[in-house]
Amino acid sequence: LITYISSQQAKGSDGINFDKTFWVATAAELAEKSTGTGPAKSPDACQQKWAQLHKMFKVINKVVHTSGIAYTHESRANITAESETIWSDLIK
């Protein structure tokens, strides 16, 4: 889903919002590339999944760009005494 949308990003009015015909084409593209496991994805399902992914991305992007916060795969959030206040404010 992400790969296809990235390749079609120019079709979105602002690069992230797409009209109904886009989601019909997206569902068709996913059906064409399907491995046969799971049900076919509807245009609405594709749009809803994209909305969930975009919402998650915005949260992660905010965390990544917040000064005083570090996140790595090794140490995870690594909340320290110094960063605890920043994390608390961020999740409010």
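Keep in mind that this is a model prediction, so the values were computed, not measured.

A.B. asks: Would you mind showing me how to read the packing of aromatic side chains here?
C.D. replies: The description of two aromatic rings rests on the distance between their centres and on the angle between their planes. Scanning all chains against the criterion turns up five aromatic pairs. Taking the centre distance of 4.0 Å and the plane angle of 15 degrees together, the rings of Phe18 and Phe22 count as stacked. This pair shows no difference in class: Phe18 is buried, exactly as Phe22 is. Aromatic side chains Phe22 and Trp23 sit 5.0 Å apart centroid to centroid with 85 degrees between the ring planes, which places their arrangement in the edge-to-face category. Residue classification places Trp23 among the buried positions, given a relative accessible area of 1%. Linked through ring pairs, Tyr4, Phe18, Phe22, Trp23 and Trp50 together constitute an aromatic cluster.

A.B. asks: What exactly am I supposed to notice about the side chain of Gln8 here?
C.D. replies: Summarising the element assignment, Gln8 is placed in the loop between helix H1 (2-7) and helix H2 (20-32). Note on Gln8: relative accessible area 18%, which makes it buried. Those residues within four positions of Gln8 in sequence are excluded, and the remaining contacts are Phe18 and Phe22.

Cut-offs used in this document
Residues numbered from 1 in each chain as written. Predicted model: local features only at pLDDT ≥ 70, side-chain atom pairs only at ≥ 80, totals over all residues. Heavy atoms only, no water. Phe/Tyr/Trp six-rings, centres within 6.5 Å; stacked < 30°, edge-to-face > 60°. Buried < 20%, exposed > 50% of the residue type's maximum accessible area, 1.4 Å probe, protein only. Helix = DSSP H or I, 4+ residues; strand = E, 2+ residues; numbered from the N terminus. Contact = heavy atoms within 4.5 Å.

In short, the description is geometric, and any link to function would need to be established separately.
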